[in-house]
Amino acid sequence: MRVAVLNAVLANGGDAAIALGLLRALRAALGDALEAAVYDSLPDVTAPLYPELEVSPSPLRLAWTPEARGLAARGRRAARWLASRRRLRRAADALGGGRTGAARRLAGEAGYGVLADLAGADLVVSTGGTYLVEHYWLGPRLLELDLVRRLRRPLVLFTQSLGPFRKRGVRRALRRLLPYARLVLVRDERSARHVRDVAPEARVAVAADAAFALADPGVLAEARARVLPEGRPLRVGVSVRDWPHFRATTAEEGMRRYRASVAALVTHLVRARGAEVRFFSTCQGLPAYRFDDARVAAAIAGEMPDDVRRRVEVVTAYLRPERTMAEAARCDLVVATRMHAAILALCAGTPVLPIAYEFKTREVFGRLGVEAWVQEIEGVTPEGLVEAAEGVLAALPAARAGLFARVEAERADAMAAGARVVEALGGRP
């Protein structure tokens with residue numbers, strides 16, 4: 001069975017964890033019958049990082065350049081988008097209707113090759129994540145899903161957080177696309193409500209984030225009984241990020257307070273608990289990708305007193321998901337802003353103090369029974385973050401066993417998503 005995985009961003013280690021978890025779940029359901037192609041936004045960069053995957057250029061590259069710096073480049077990108085969108089839709093209609101000659105003329109040789117590869121898939125899976133939310137421009141994502149519909153390929157949307165949808169054009173597009181999908185998997189009930197609000201007839205189900213499929217049951221079982229160290233320093237991992245979408249204040253003020261809060265927490269842990277701290281994240285180390293959390297980490301570390309800074313290390317390299325898990329496994333606690341840094345830490349058996357920038361984090365940790373641990377980036381303060389970290393460390397002896405039992409349940413649910421997909425296709429490949 002040939003499966004095309006769309007919307008992959010392997011340059012983002014969190015998105016890579018979703019893609020690898022998705023494939024693990026599908027392989028558990030399909031076995032050797034699975035043949036997968038991952039359509040990525042930066043294939044020239046990411047294919048060497050994931051040699052075990054078949055990495056192909058995203059269909060969106062036919063109409064949209066992911067990075068365009070400067071006014072002139074952005075203008076050219078917008079003009080290309082407007083010219084290409086209608087032509088690609090017509091080409092997909094033609095190819096979906098068996099008119100290959102017309103499709104080739106409309107799309108050109110390069111475009112026809114991409115569309116033909118997509119049309120040859122037995123199933124198209126739009127990967128999980130958080131890309132259908134309106135603080136991003138959704139035009140390219142909606143076009144890609146619409147091309148699948150026009151090519152008449154079976155479509156599944158994998159576990160994601162999405163919505164709410166308030167823009168008229170977005171709602172109109174999703175009213176066509178969501179009911180077309182054989183299955184829409186979401187990570188939380190809130191997202192399910194957003195789907196039903198715009199498309200009540202869509203086939204939607206709540207499932208664990210695909211990245212939980214990367215956990216090892218043995219590691220999770222051992223994590224239930226682990227205790228905080230005696231005789232060595234506390235080891236703490238920290239994941240940070242830039243965030244431009246503050247609602248109650250400006251991005252500059254919001255980030256200033258967030259950086260100060262993380263710096264204050266690290267200072268406290270070093271001075272009060274003798275901690276060793278390593279900053280690492282799921283978005284770093286690739287100049288071609290627009291996010292580099294290591295820069296934010298370096299800026300925070302630069303604000304710390306010298307005695308604290310000597311106990312802090314900033315990891316700058318790109319980390320595949322298994323390397324992120326290895327970093328987390330050596331820690332006693334991870335303070336995570338990136339949600340998949342948090343999930344991968346949990347998969348490695350390490351408890352997490354989460355800082356939420358979107359509702360998805362609160363929903364995931366609510367499923368784990370520790371929603372009270374979640375700190376909101378909108379209201380984070382130095383004093384509040386220090387208090388929250390001490391609260392988590394104090395709660396761990398009583399909470400650890402239940403937490404990792406629920407992480408194991410999430411792992412099992414993430415793995416079961418492959419069988420759900422097969423069932424949505426009629427019970428067999």
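Everything below is about the structure shown above.
Numbering of residues begins from 1 in every chain and follows the order in which that chain's sequence is written. Only residues with pLDDT of 70 or above have their local features reported here, since the model is predicted, and side-chain atom pairs are shown and tallied only from 80 upward, although totals for entire chains, interfaces and linings are computed over all residues. To obtain the side-chain values, all non-hydrogen atoms of the structure were included, while hydrogens and water were left out.

> Break down helix α15 (residues 382-424) for me, citing the residues and quoting the values.
Secondary structure elements are defined from DSSP: runs of H or I of at least 4 residues count as helices, runs of E of at least 2 residues count as strands, and each element is numbered from the N terminus. Multiplying one less than the number of residues by 1.5 Å gives the expected span of a helix. Compared with the 63 Å implied by 1.5 Å per residue over 43 residues, the 48 Å span of α15 between its first and last C-alpha is markedly short. To get the bend at any residue, fit one axis to the seven residues that end at it and another to the seven that begin at it, then take the angle between the two axes. If you look at α15, its biggest bend is around 70°, right at L396, and the proline P397 turns up within four residues after that.

> Could you give me a rundown of the layout of surface pockets, with the residues and numbers involved?
The space that makes up the second largest pocket amounts to roughly 420 Å³. The method works on a 1 Å grid over the protein atoms by themselves. A cavity is a set of points holding a 1.4 Å probe that cannot get out, a pocket is an open set with protein on both sides within 12 Å along at least five of seven lines, and residues with an atom within 4 Å of a point line them. Surrounding the second largest pocket, 17 residues form its lining, H135, R247, Y357, E358 and F359 being those nearest its centre. Residues are grouped as follows: nonpolar covers Ala, Val, Leu, Ile, Met, Phe, Trp, Tyr, Cys and Pro; charged covers Asp, Glu, Lys and Arg; every other residue, Gly included, is treated as polar. Across the lining of the second largest pocket, the residue classes tally to 6 nonpolar, 3 polar and 8 charged. Grid points are joined across faces, edges and corners, and a volume is the space filled by probe spheres set on the points.

> I'd like to hear about the sheet that holds strand β11 (residues 312-314), residue by residue, with values.
Judged by pairing direction, the sheet is parallel, and its 6 strands sit side by side in the order β11-β10-β9-β12-β13-β14 without closing on themselves. Each edge of the sheet is formed by a strand with only one pairing partner; in this case those strands are β11 and β14 (375-376). Only heavy atoms matter for contacts: two residues are in contact if any of them lie within 4.5 Å across the pair. Fitted lines through C-alpha atoms give the axes, limited to the stretch in contact for helices. The angle between two N-to-C directions lies from 0 to 180 degrees. Sitting on the sheet, α15 is in contact with β12 (333-336), β13 (352-356) and β14, with an inclination near 145° to β13. DSSP calls a pair of strands paired once it identifies at least 2 bridges connecting them.

> Can you lay out the packing of helix α5 (residues 139-151) against helix α6 (residues 168-180) for me, pointing to particular residues and giving the numbers?
In the contact formed by α5 and α6, the axes pass within 10 Å of each other and the chain directions differ by 40°. Viewed along their axes, α5 and α6 adopt a mutual orientation that is oblique. Note that α5 runs across α6; the crossing there is left-handed. Across from L142, L145, D146, V148 and R149 in α5, the residues of α6 making contact are V170, A173, L174, R176, L177 and Y180. Looking at the contact of α5 with α6 residue by residue, the class counts come to 8 nonpolar, no polar and 3 charged. Small angles under 35 degrees read as roughly parallel and large ones over 145 as roughly antiparallel, with 65 to 115 read as roughly perpendicular and the rest as oblique. Note on convention: near helix rotated counterclockwise from far helix by under a right angle means a left-handed crossing. Clockwise means right-handed.

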